[in-house]
Amino acid sequence: MTFSAKTRKRFGQHWLKSESVLANIIAAAELQASDRILEIGPGTGILTQRMLPQVAELLAIEIDRDLSRRLRPQFADAANFQLIEGDILQLGWPQVAAAMSGDFPNKVVANIPYYITGPILEKLLGTIAAPNPQPFDSIVLLVQQEIADRLCAAPGSRATGSLTVKVQYLADCEIICPVPPKAFQPPPKVMSAVIRLRPRPFPQVATDPDLLERLLKLGFGSKRKMLRNNLSALIERSPLLALLATLEIAENVRAEDLSVTDWVALSNKMLEEGYSS
Ligand code: SAH
């Protein structure tokens, strides 16, 4: 049994109560007996208690001291349960490994606090210029629907933004299921979704990742404008049009129309032509 606890707004606490959503999260994690799970924000332990019997080891990171104090005795009998009371964003990977008998976790499963979704994604995946050197096999997260849509958007979709390209360069992204506010206590104001990310090296490597990051920042700078206008600070119109033509990209595209492969090709081609970050 899990305990009941009042929620603290400042820690983004919304307890999951829907059995079907819990089952979907567990199924999406494809748990194996050898798995070493990192759970961010276990809260009252509702997900934790379902995963513990199925995996080799589970490390939970909980920032709330009162919850941490209650989680320890709750799982005192589970030899494969570890808990760090602290902020996920402040923890170094060596600390995480040390708490898990020296090995890195291979999967993340978490109902995360929404107010730090971006920083958590960057912590787990790294960045284009510095991907996480210990990539996870999979990362299953509950996030705001709007973020889920952005992360999993296809080229040409209005949901595509620089976050889409940054994350899809580092991982395959899929939406597992939508989650209505009533699946939580208290209900959040927004719709949510379960997503699964599978980190992998992108097949086309960006030769200058910093240049790619700069291109994305500028390219998506003003969403209504055409790409060639957004990039004018970096490259003049006629060489850019020539580059786009070589890459078979239409000259009037907007940033959201480009695929991740297009972005990498554009930045690599610009590097070849002597442009730099
Ligand atoms: N997994 C639980 C709780 C989700 S609510 C459930 O599904 O019911 C989000 C949880 O993240 C809360 O327990 C909150 O205290 C914790 N949390 C918030 N910020 C955190 C941080 N920076 N590091 C670690 N945990 C955090």
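Note that the structure is a prediction, hence the values are computed from the model and not measured. (Residues numbered from 1 in each chain as written. Predicted model: local features only at pLDDT ≥ 70, side-chain atom pairs only at ≥ 80, totals over all residues. Heavy atoms only, no water.)

A.B. asks: I tried to follow the side chain of Thr44 on my own but got confused; where do I start?
C.D. replies: As for its position among the elements, Thr44 is in the loop between strand 2 (36-40) and helix 2 (46-51). The buried category is assigned to Thr44, whose relative accessible area is 6%. Non-local contacts of Thr44, meaning those with residues more than four positions away in its chain, are made with Thr2, Phe3, Ala5, Trp15, Leu71 and Gln74. (Helix = DSSP H or I, 4+ residues; strand = E, 2+ residues; numbered from the N terminus. Buried < 20%, exposed > 50% of the residue type's maximum accessible area, 1.4 Å probe, protein only. Contact = heavy atoms within 4.5 Å.)

A.B. asks: Sorry if this is basic, but what is going on with the environment of Gly41 here?
C.D. replies: Checked against the element boundaries, Gly41 lands in the loop between strand 2 and helix 2. For Gly41, a relative accessible area of 26% corresponds to the partly exposed category. When residues no more than four places from it in sequence are discounted, the contact partners of Gly41 are Ile61, Glu62 and Asn111.

A.B. asks: What is the right way to read the site of the ligand from this model?
C.D. replies: Lining the immediate environment of the ligand, one finds 22 residues, of which Gln13, Gly41, Glu62, Asp87 and Asn111 sit closest. Between an oxygen atom of the ligand and a main-chain N or O atom of Leu16, the distance comes to 3.0 Å. Protein contacts shield 99% of the accessible area of the ligand, which totals 570 Å² for the unbound molecule. Listing elements by their share of the shell around the ligand, those giving two or more residues are strand 1 (15-16) and strand 3 (57-62). In terms of residue class, the shell around the ligand is built from 12 nonpolar, 7 polar and 3 charged. (Near = heavy atom within 4 Å. Polar contact = N/O pair within 3.5 Å; in protein donor to acceptor, adjacent residues only side chain to side chain. Areas by Shrake-Rupley, 256 points an atom, 1.4 Å probe, with all protein chains shown as cover. Nonpolar A, V, L, I, M, F, W, Y, C, P; charged D, E, K, R; others polar.)

A.B. asks: Teacher, can you tell me more about the sheet that holds strand 3 here?
C.D. replies: Hydrogen bonds along the backbone pair up the strands of a sheet, which may run parallel or antiparallel. Pairing is mixed across the open sheet formed by 7 strands, whose spatial order is 4-3-2-5-6-9-7. A single partner strand is all that each edge strand has here, and the edge strands are strand 4 (81-85) and strand 7 (171-179). Here the average twist between neighbouring strands, direction ignored, is 20°. In the sheet, strand 2 pairs with strand 3 via 5 bridges, with the strands oriented parallel. Across the sheet, residue Glu39 finds its bridge partner in strand 3, namely Ala60. Its contacts with the sheet put helix 3 (residues 65-74) on strand 3 and strand 4, and the angle it makes with strand 4 is roughly 160°. Lying on the sheet, helix 6 (residues 145-152) is in contact with strand 6 (138-144), strand 7 and strand 9 (192-199); it crosses strand 7 at an angle near 150°. (Pairing = 2+ DSSP bridges. Axes fitted to C-alpha atoms, helices over the stretch in contact; angles between N-to-C directions.)

A.B. asks: What exactly am I supposed to notice about helix 8 (residues 209-219) here?
C.D. replies: The periodicity of an α-helix, 3.6 residues per turn, causes residues three or four positions apart to be oriented the same way. Leu211, Leu212, Leu215, Leu216 and Gly219 are the residues of helix 8 that are buried. Taken around the axis of helix 8, the buried residues stretch over an arc of 140°, which confines them to a single face. Each element contacted by the buried residues of helix 8 is listed here: helix 7 (162-170), helix 9 (227-230) and helix 11 (260-272). (Arc of directions from axis to C-beta.)

A.B. asks: Looking at this structure, I do not really get unusual backbone geometry. What am I missing?
C.D. replies: Excluding glycine, residues mostly carry a negative phi; peptide bonds, for their part, are mostly trans. For the peptide bond that leads from Gln185 to Pro186, omega is -10°, which places it in the cis range. In this structure, Pro186 sits in the loop between strand 8 (184-185) and strand 9. Unlike most non-glycine residues, Glu30 shows phi in positive territory, near 45°. Tracing the backbone shows Glu30 in the loop between helix 1 (19-29) and strand 2. The class for Glu30 is partly exposed, based on a relative accessible area of 38%. Not every positive phi belongs to a glycine, and Glu248 is a case in point at roughly 55°. Following the sequence through the fold, Glu248 ends up in the loop between helix 10 (237-246) and helix 11. In this structure Glu248 comes out as exposed when scored by relative accessible area, which is 74%.

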